[in-house]
Amino acid sequence: MEKHDHFPIAFLLLPFLLSGAAALSAQLCWLRQLTVALGSSAAALNIILITFMAGLAIGARLAERACRHISRYLLLYAALEGGLAIYLIFSPYIISYTSALFIEFLPNLGHETLASHMARLAVTGVILLPPTIAMGMTAPVLITASVRQFRQAASYTGLLYGINTLGAALGAIFTGVYLILRFGISMSLRMAAGMNLLAASTAILIVLITRLTAGKASPWPAAEGTDKSSPAARQAPVFKYGLLAAGGGFVGMGLEIVFARFLVFIIGSSYYSHTICITGFLIGIVAGSLFVALIARRARLRESFLPFLFIFAGFSSAISAIFFFKHLPLATQRFMFMDGMIDLHPLVTKLVASLVLVALPAMASGMILPLLVHLLVRRTRNVSVGSSRIFFYNT
């Protein structure tokens, strides 16, 4: 295994922060434009969400194969971010053109029929799969580029995942409550494209600096290692940890949807409600992943921690469901309409209510993923396999 490079991981935090902000900003813009074109029914929204998550999962899986054939991980990351920037700029026109075709054929498909749903799925697939696949590849590629020793997998994954999710939370709240209303969808997407370009430029700058300081050394090759065990022995932990990651992702997404619907009932179905619900859940994930990163630097993480994390996730979800479902609505109502005692902006009040409701379950979700990546990297002795498989199954 190669010894640790002198280049600090802190230099990778800025591009990953920008990448997360651009991704959620684009998601909200696309969601707004697609619901106008394809409809805002529950089925239409679910089709958009499923397509988005499917693209992320496919991208995470493809990242493993890309890292197997391309050793310049940061250059690959820069190419992905640059391609995303170009797509974001032209995406309003792509959506308008493909949506016009859907609207033209919609009278022949019927209202909310299977044919209309399949047509929506085809349209959203054409629009969303190319960029979301690229988005899904960025996290495993950057983790592979940064981890130089297998024991760093948990701390680096937790740190990068936390910073990326923090960027996503900032992008969601800023785009949802300001950018779209102030500048419109097209300009907001151009701003997100600018963040992607800045992330790509930062990655290229890191490569250039590394080459200048390290001579002919390959910039940031990851510690890929080899495993002398049999293929069946290597496949067993992948399936086990992948199943746990899939379960964690299923529960996490389910909780996000349920809590989002409940919070809309509490704080009102305004334009900002969906954005604030997403932001609250993302902040909880940030706290959990950064907590794992901190613990991993001071102690060795073991597989025996997993049952406690899943128990914590279930217990915190039950507490949120039982306690907050009964007491949070009245407390929030008093908090929002108590004149003269607490003078806060309504958006701040809504964000506080969202954080209180989803903080602990989301924190548990943010802790599970970095630990699973660490365990699978340690068992397979391969960073790209460990990160891409866990992100694939979790998504």
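Everything numeric in this text was worked out from a predicted model, so none of it was measured.

Colleague: Summarise the overall build of the chain; cite the residues concerned and give the values.
Modeller: From N to C terminus, the chain includes eleven helices and zero strands. Seen in sequence order, the chain has helices and strands lined up from the N terminus as α-α-α-α-α-α-α-α-α-α-α. For the chain, buried positions account for 50% of its 395 residues. Excluding contacts between residues fewer than 6 apart, the proportion of contacts in the chain whose partners are at least 24 apart in sequence is 87%. Summing over all exposed atoms, the chain offers an accessible surface of approximately 18,000 Å²; the carbon and sulfur share of this is 71%.

Colleague: Describe the packing of aromatic side chains, with residues and values.
Modeller: For any pair of aromatic rings, geometry is given as the distance between the ring centres together with the angle between the planes. Evaluation of the coordinates by the stated rule reveals five aromatic pairs. Ring geometry for Tyr161 against Phe391: centres 5.9 Å apart, planes inclined by 80°, an arrangement best described as edge-to-face. Of this pair, Tyr161 sits in helix H5 (residues 153–183) while Phe391 is found in helix H11 (residues 383–394), placing the two residues 230 residues apart along the sequence. Exposure class is identical for Tyr161 and Phe391. Each is buried. A network of ring pairs unites the aromatic residues Phe174, Tyr178 and Phe183 as a single cluster. Taking NZ or CZ as reference, Arg182 lies 5.0 Å from the ring centre of Phe183, over its face.

Calculation rules
Residues numbered from 1 in each chain as written. Predicted model: local features only at pLDDT ≥ 70, side-chain atom pairs only at ≥ 80, totals over all residues. Heavy atoms only, no water. Helix = DSSP H or I, 4+ residues; strand = E, 2+ residues; numbered from the N terminus. Buried < 20%, exposed > 50% of the residue type's maximum accessible area, 1.4 Å probe, protein only. Contact = heavy atoms within 4.5 Å. Areas by Shrake-Rupley, 256 points an atom, 1.4 Å probe, with all protein chains shown as cover. Phe/Tyr/Trp six-rings, centres within 6.5 Å; stacked < 30°, edge-to-face > 60°. Lys NZ or Arg CZ within 6 Å of the ring centre and 35° of its normal.

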